[in-house]
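Okay, here's what each chain looks like letter by letter:
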Amino acid sequence: MSYENIKTIILTILVVTSALLTWNLWTYQPNFERIEKESNTVQEVTIAEKRSESDCETGHSLIPSRGKKTFGTVSPGEIDKVMKEISGWNFADFENITEEAGILHDEGKAVLAFPDSVPIELYKSVIKIADKNLPDFQFDHIVIDTRQLEKKDGIVDFVSLDNRQVYRSRVPVSFIQNFKSQFFNLSEYNPEYKAYFAYKPSDERTIYLPSQDTKMARYQYLEKKLDSEQYKNALFSDPSVVQKSFQQSEDEYNDTLSLLRVNSDKNTLQYIKPAAGDNPTFASGDLLKRSIDYINGHSGWTDNYQFAEIDELNHRVVFRMYDSSGYPIFSDDPKISEIRQTWGQNEIYEYYRSNFQLGLSAEPPQKYL
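So, here is what we can say about the structure in this document. What you are looking at is a predicted structure, and each value in this text was computed from that prediction instead of being measured.

Among the nonpolar cores identified, the biggest contains 62 residues, and Tyr123, Ile142, Phe158 and Phe319 are the most heavily contacted of them. Looking at which element gives the most residues to this core, the answer is helix H7 (residues 287-296), with five residues. Ignoring anything within four residues of it in the chain, the contact list for Phe158 reads Phe91, Phe94, Ile120, Ile127, Phe137, Phe139, His141, Ile142, Gln165, Val166, Tyr167 and Ser169. Counting six residues, the second largest nonpolar core, distinct from the first, contains Ile97, Val111, Val143 and Val166.

Now the structure itself:
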């Protein structure tokens, strides 16, 4: 065999080998073990339920003023109907009319009151706002004017008594006409509405109170303790390194950066993270949204908690428990009927709440004065 033939055979072998190796690389499939979805993955902690902004920021009273007759309601069912009605309106042309604003509870106006100031930017998730350059303001009352229905646009004012500001918006007048016929005119005949009277605690403020004695209901509930381990898994960034100890009537969990205390005698739960600091770097208008999102992060709405108070100076937000009739629940220790959050730099500084959930009612409600 000649030298040239040997070279040809060797070259052919190399080409064929290279082709086979290339083919194997393209078609190779490693035989890895199948990873199950449940293994080594972080599971979301679900303690109770989540809520939207509209569920937490609803009004707590509605006062339609009809001249000599004024009626009001705190019924959650009635207020939900009104909130559902106005959520479909198209609010536009916001303007600051503070200098020319009239009387809040004037004849022909319906006033929807909120427990504290609500940022309009956050309320865009509740109502339809057409303005692209929406002014930055807060409000604690929505005032619907039912008097000027012959014009093209209806008037709805967003009033802040705390900041002494009034922003006016325009809506199609057909919405106001429908609201007047369905809610305003029928309030006198609706058993959920009661007669109210004006009371002036000062020259600058008027509040409306029920004309008759209000009979409150007394309830007895079975108590359902919340699982402390669930809160440990929800609140600490790495639950696997958390240490548990017992101090008198308290269970304590800590990871050197954060501390969770669960007091069985006081029925309270406190989570504190000193490393978060006390100087938030986010806008104050974002405070309420962050607080709602934080509780939603572990589905922590265990009972009927509603937005109650915001303290921008101290970066604190409070949600209070309400009963089924629309009345706020208070207790000797506020922490039992409230969820309190204080914020630090971009994260929670303190989270304080009850460690139980109301279970089934032990007996029918009893009325008393």
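Turning next to the layout of surface pockets. Considered as a void within the structure, the largest pocket measures approximately 730 Å³ in volume. Lining of the largest pocket is provided by 29 residues; of these, His60, Ser61, Ala113, Phe114 and Tyr208 occupy positions nearest its centre. Among the elements of the structure, strand E1 (61-66), strand E4 (109-119), strand E6 (138-145) and strand E10 (205-210) are those that each provide at least two residues to the lining of the largest pocket. Sorting elements by how many residues they give to the lining of the largest pocket places E10 first, with six residues. Looking at the lining of the largest pocket, its residues break down into 18 nonpolar, six polar and five charged.

With that out of the way, let us pick up the packing of helix H3 (residues 76-86) against helix H5 (residues 173-184). Between H3 and H5, the least distance of the axes is 11 Å, while the angle of their chain directions is 165 degrees. Taken together, H3 and H5 sit at an angle that is classed as roughly antiparallel. In the packing of H3 onto H5, the handedness of the crossing is right-handed. On the side of H3, the interface is formed by Lys81, Val82 and Glu85, while H5 contributes Phe175, Asn178, Phe179 and Phe183. In terms of residue class, the contact of H3 with H5 is built from four nonpolar, one polar and two charged.

How each quantity is defined
Each chain has its residues counted from 1, following the order in which its sequence is written. Confidence filtering applies because this is a predicted model: local features only for residues at pLDDT of at least 70, side-chain atom pairs given and counted only at 80 or more, and all residues used for totals across whole chains, interfaces and linings. Only hydrogens and water are removed before side-chain values are computed, so all heavy atoms of the structure are retained for them. Among buried residues, those of type Ala, Val, Leu, Ile, Met, Phe, Trp, Tyr and Cys that are joined through side-chain atoms within 4.5 Å constitute a nonpolar core. Buried residues are those whose accessible area, probed at 1.4 Å on protein chains only, stays under 20% of the maximum for their type, while exposed residues exceed 50% and partly exposed ones sit between those limits. Strands are runs of DSSP state E lasting at least two residues, helices are runs of H or I lasting at least four, and both sets are numbered from the N terminus onward. The contact rule is simple, with two residues in contact once any of their heavy atoms fall within 4.5 Å. A cavity here means a set of points on a 1 Å grid, drawn over the protein atoms and nothing else, where a 1.4 Å probe fits but cannot get out; a pocket is an open set with protein on both sides within 12 Å along at least five of seven lines, and a residue lines either one if it has an atom within 4 Å of a point. Grid points are joined across faces, edges and corners, and a volume is the space filled by probe spheres set on the points. In this classification, the charged set is Asp, Glu, Lys and Arg, the nonpolar set is Ala, Val, Leu, Ile, Met, Phe, Trp, Tyr, Cys and Pro, and all remaining amino acids, among them Gly, are polar. Axis lines are fitted through C-alpha atoms, for helices just across the contact stretch, and the angle between N-to-C directions can take any value from 0 to 180 degrees. Between 65 and 115 degrees an angle is taken as roughly perpendicular, under 35 as roughly parallel, over 145 as roughly antiparallel, and anywhere else as oblique. A crossing counts as left-handed when the near helix is turned anticlockwise from the far one by less than a right angle, and as right-handed when that turn is clockwise.

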